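Read off the chains here:
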Amino acid sequence: MKPCFEERPVFFPGPRETLAGVLTLPHKCNSLTVLQIWGTAPHPSSGMNRLRARFAHVLAEDGFASLRFDWPGQGESGGSLKGGDLSTSYVRECVSAVSWLREQGHRRLLVLGHCFGGRSAILAAPALGDLEGVAVISPPTAQSHEQAIASQISFRTLVRAAVEIKPKELADREWREQRIKVIKGKLRSHLPGGATTMARESSPSVAGVRQLLDQRTPVLILTHEGSDFRTELEQFLEGNGLSDEMASVTPSRFVVLDYTVRGNGSLPLQDELVSQVRSWLAELPVVMESTAQ
Amino acid sequence: MTSNKTQRSDSTDEAKVAEWVDPGSGVVQRVEFLATPRGRVYVWSGSPPESTEAVLICSPISADFTANYHRERQLALALVSRGISVIRFHYLGEGNSEGESKDLTFSSICEDASEVFERVTSKLAPTKLAVFGTRIGVLVACAVTRLHPVPIVALWEPVGSPDRFFEEGGRSRRLSNLLRSAEGGERSWREELAHDGVLDLLGFSVYAPLVSSLDEIDVASLCLQPGGKVMVVDFGCAKKQVATWLAQQDPATNIEVLKIGVAEPWWFQDDHMRRGTDKVVAATADWLSRAFEEIAS
């Protein structure tokens, strides 16, 4: 069976280097385009187990065009890979992708973000202009990966990991620095005022989500039990009063899926993510209007 | 590479090509969906001006395809910076290429490699050629060299017993379940595959046709032919597989083995993925560059 879409490789100018991606165009378009903004793992733009490609194809069946692109240094984009350091975001790259899409005539945009890409999407939201909806999957909200991970793991796990350290690992500076950050994050979260510091450090993410909701842009936040960021997200939404604000912008919601795997390391979880995003998109007023026409 | 690049996106139905040219180096980077009889193959090529040498990169499959992707990108850029053209591609049913994962077999990936080899090399018209492969991609590279005479072959971590490739994945999954205290189930991965039709190996879908196609490989028919230059890099993570592959080769084949410690757990994908990349990429690019010069002399 012939696919109901066609795909084109594209290059577009980023803030520092040329970025690469794949544009998926459905034969029957609903005039909406989804920008996929993903994590910084050095995967191809098709994603782990082709998850991003699968999103693009399923969305095309529902009439959405989509663009999945590589960060600098990733896949076919120019530049060098910086890794998932949350203290530096890729807001400017998100803005470049949105500008390029709008120049190509894709004016009505939605964003689908994943992990670091979800965080970048939230931080970039104020600079992206009008969006029809934003769905993010397990976005970290803190300023550093290590701090986010530290909030999830127990002291017992930390001690056990310390006992198992190998001399070869200690000689690796990058490894050493990452572990020190995790330990510092763990200790700081238990010191007086630690929770306040964590909340303050997530304030750019709070501002991003709040701005979307103020503009009446529906937001879907998806995560699962095994995600590194589940607890952090719950605290982020509850501690900042965002749960109530989300309830006022239909069909915004926060969903925790019942899977204990880390990352997206399970096929049923991948299926569920696609299904959840697909059904949430179908509930958006703008999609329901275009379907009715 | 400079950040100020000229670019062009040609998006006609026939072409499906995008390319940009680095005005500083003149290198042309091109991505296209190459039409083949079985579907469109996603192909990246990097061509320095007046390049006369080219390397075809045969990727591994499944979890390895993702794990090794960045390293292959870096190797390609390192070779391009040395004036050598490079072609990378995604097999049909893998990555951005068309096709379904369930249709992937060892024969299909070899056909894809051969198709890309013929089409792209005829376009670039290099005077000297090399093929490169990693893990299962080593066997694909060997299959290409049996169809087309290629004097230079570079390989990372060859798989010596393809029928055991998914055993490793099954073992990794059992270990992962143990670490997470999750239920592993009573069934072996082969029983699960036979029953469910698809196997979930740490988030990678594996289908029966691919497994049975690896079971049926006659490794002897894929040995390198003596002559030419061959380099094997042993990452130190699959020593038995590498040793098995080496033992299967004709003693007359002159193979240079480099041992470079790379912490690549293959099936477990985490922050280890980029470790050792610079070292292994530089050593391989240097070796290929030298091999092209020696062939010339």
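Note: the structure precedes this text.
Attention in this report is confined to the structure presented alongside it. (Residues numbered from 1 in each chain as written. Chains lettered and ligands numbered in written order. Predicted model: local features only at pLDDT ≥ 70, side-chain atom pairs only at ≥ 80, totals over all residues. Heavy atoms only, no water.)

### As for the overall build of chain B
Of the regular secondary structure elements, chain B holds eight helices and 12 strands. Split into buried and exposed, the 297 residues of chain B put 57% on the buried side. Sequence separation of at least 24 residues holds for 68% of the intrachain contacts in chain B that already meet a minimum separation of 6. A total of about 11,900 Å² of accessible surface is found on chain B, and carbon and sulfur atoms cover 50% of it. (Helix = DSSP H or I, 4+ residues; strand = E, 2+ residues; numbered from the N terminus. Buried < 20%, exposed > 50% of the residue type's maximum accessible area, 1.4 Å probe, protein only. Contact = heavy atoms within 4.5 Å. Areas by Shrake-Rupley, 256 points an atom, 1.4 Å probe, with all protein chains shown as cover.)

### Looking at the nonpolar core
Residues and elements named next belong to chain B. Counting 52 residues, the largest nonpolar core has Phe106, Val116, Ile136, Leu155, Phe166 and Trp245 as the members making the most contacts within it. If you tally residues by element for this core, the top one is helix α3 (residues 136–147), at eight residues. If we ignore the near neighbours within four places in the chain, the residues touching Leu155 are Gly133, Val138, Ala141, Leu224, Val230, Met231, Val232, Val233 and Trp245. (Core = buried A, V, L, I, M, F, W, Y, C linked by side-chain atoms within 4.5 Å.)

### Overview of the environment of His90 of chain B
Within the secondary structure layout, His90 of chain B lies in the loop between β6 (85–89) and α2 (106–124). Considered as a pair, His90 of chain B and Ala113 of chain B are 23 residues apart in the sequence and their alpha carbons are 9.1 Å apart. Apart from residues no more than four positions distant in its own chain, His90 of chain B is found in contact with Pro44 of chain A together with Val41, Tyr42, Phe65, Tyr69, Gly95, Asn96 and Ser97 of chain B. A polar atom in the side chain of His90 of chain B sits 2.8 Å from the side chain of Tyr69 of chain B. Engagement of the side chain of His90 of chain B in a polar contact is seen with the backbone nitrogen of Asn96 of chain B, the distance being 2.9 Å. (Polar contact = N/O pair within 3.5 Å; in protein donor to acceptor, adjacent residues only side chain to side chain.)

### A look at the interface of chain B and chain A
Counting residues at the interface gives 46 residues for chain B, matched by 43 residues for chain A. Where chain B abuts chain A, roughly 3,400 Å² becomes buried across the two surfaces, and 50% of that area is made up of carbon and sulfur atoms. The tally of links from chain B across to chain A stands at one salt bridge. One can count 19 residue pairs in polar contact (both at pLDDT 80 or more) joining chain B with chain A. Contributions of two or more residues to the side of chain B that touches chain A are made by β1 (6–10), β2 (17–21), β3 (28–36), β4 (39–47), α1 (62–81), β9 (198–201) and β10 (204–207) of chain B. Taken together, the residues of the side of chain B that touches chain A sort by class into 14 nonpolar, 17 polar and 15 charged. (Buried area = accessible area lost by both parts, 1.4 Å probe. Salt bridge = Lys/Arg side-chain N within 4 Å of Asp/Glu carboxyl O. Nonpolar A, V, L, I, M, F, W, Y, C, P; charged D, E, K, R; others polar.)

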